[in-house]
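Each chain, letter by letter, is given below.
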Amino acid sequence: VQLAASGGGLVQAGGSLRLSCAASGGFSSYVMGWFRQAPGQEREFVAIINRSSTYYADSVKGRFTISRDNAKNTVYLQMNSLKPEDTAVYYCAADRNYRGSYPSEYDYWGQGTLVTVSS
């Protein structure tokens, strides 16, 4: 599976962005996740989607929504009410079996897209 993330940018606090991750190769059978990494910090879990089931980090619950379009081989992350602490490089990830929040368990990664939220 090859993944390509896009949609990052600069936004003011309170604003919205939608990230996209285009995938190739058996997309519909994979668990898809979004993770983020701020400067000097560990990569952290944001959200995952398995078929139609979703799971979110507490820090983004109620503000972010993960979705997938299997016909377009794409997973999305709609981010609303953005905060400066959401600033990070966002990565999409895929795995055939793992459904958890540990980045090290995911086999496939996109290149990352930078989200910057100004105060």
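For the structure itself, look to the data block above.
Residues numbered from 1 in each chain as written. Predicted model: local features only at pLDDT ≥ 70, side-chain atom pairs only at ≥ 80, totals over all residues. Heavy atoms only, no water.

Student: I'd like to hear about the packing of aromatic side chains, residue by residue, with values.
Tutor: Within this structure, the stated rule accounts for eight aromatic pairs. Pairing Phe-35 with Tyr-106 gives two aromatic rings, centres 5.1 Å apart and planes at 70°, and the pair type is edge-to-face. Placement of the pair is Phe-35 in strand β4 (residues 31-37) and Tyr-106 in the loop between β9 (88-95) and β10 (108-109), with a sequence separation of 71 residues. Aromatic side chains Tyr-98 and Tyr-106 sit 5.4 Å apart centroid to centroid with 80° between the ring planes, which places their arrangement in the edge-to-face category. For Tyr-106, a relative accessible area of 4% gives the class buried. (Phe/Tyr/Trp six-rings, centres within 6.5 Å; stacked < 30°, edge-to-face > 60°. Helix = DSSP H or I, 4+ residues; strand = E, 2+ residues; numbered from the N terminus. Buried < 20%, exposed > 50% of the residue type's maximum accessible area, 1.4 Å probe, protein only.)

Student: Got a sec to walk through the pattern of salt bridges? Specific residues and values, please.
Tutor: Under the definition given, this model contains four salt bridges. In this structure, Asp-86 and Arg-36 form a salt bridge, with 2.9 Å as the shortest nitrogen-oxygen distance. Taken together, the positions of Asp-86 in the loop between β8 (74-79) and β9 and Arg-36 in strand β4 put the pair 50 residues apart, joining distant regions of the chain. Here the two residues Asp-86 and Arg-36 agree in accessibility, since each one is buried. For Asp-58, the salt bridge is made with Lys-61, and the minimal N-O distance between the two is 3.1 Å. For Lys-61, a relative accessible area of 48% corresponds to the partly exposed category. Through salt bridges with shared partners, a single network forms among Arg-36, Glu-44, Arg-63 and Asp-86. (Salt bridge = Lys/Arg side-chain N within 4 Å of Asp/Glu carboxyl O.)

Student: Could you give an account of the sheet that holds strand β7 (residues 64-69), with specific residues and numbers?
Tutor: Within a sheet, each strand pairs with its neighbour through backbone hydrogen bonds, oriented either parallel or antiparallel. An order of β1-β3-β8-β7 is seen for the four strands of this open sheet, with the pairing classed as antiparallel. Two strands bound the open sheet, and with one partner strand each, they are β1 (2-6) and β7. Across the sheet, the mean angle separating the axes of adjacent strands is 15° when strand polarity is ignored. Pairing of strand β3 (residues 17-24) with β8, which is carried by six bridges, proceeds in the antiparallel orientation. Paired with Cys-21 across the two strands is Val-75, which belongs to β8. (Pairing = 2+ DSSP bridges. Axes fitted to C-alpha atoms, helices over the stretch in contact; angles between N-to-C directions.)

Student: I'd love a proper account of unusual backbone geometry, names of residues and values included.
Tutor: Its identity as a non-glycine residue notwithstanding, Arg-51 has a phi of 55°, on the positive side. In this structure, Arg-51 sits in the loop between β5 (44-50) and β6 (53-56).

Student: How would you explain the pairing of strand β11 (residues 113-118) if you had to name every residue and give the values?
Tutor: Burial of the side chains of β11 is restricted to one face: Thr-113, Val-115 and Val-117 are buried, whereas none of Leu-114, Thr-116 and Ser-118 on the reverse face is. Judged from the four bridges that link them, strand β2 (residues 9-12) and β11 form a sheet pairing that is parallel. The residue of β11 that forms the bridge with Gly-9 is Val-115. Here β9 pairs with β11 via three bridges, running antiparallel. Its bridge partner lying in β11, Val-89 is registered against Leu-114.

That is the geometry; function is a separate question.
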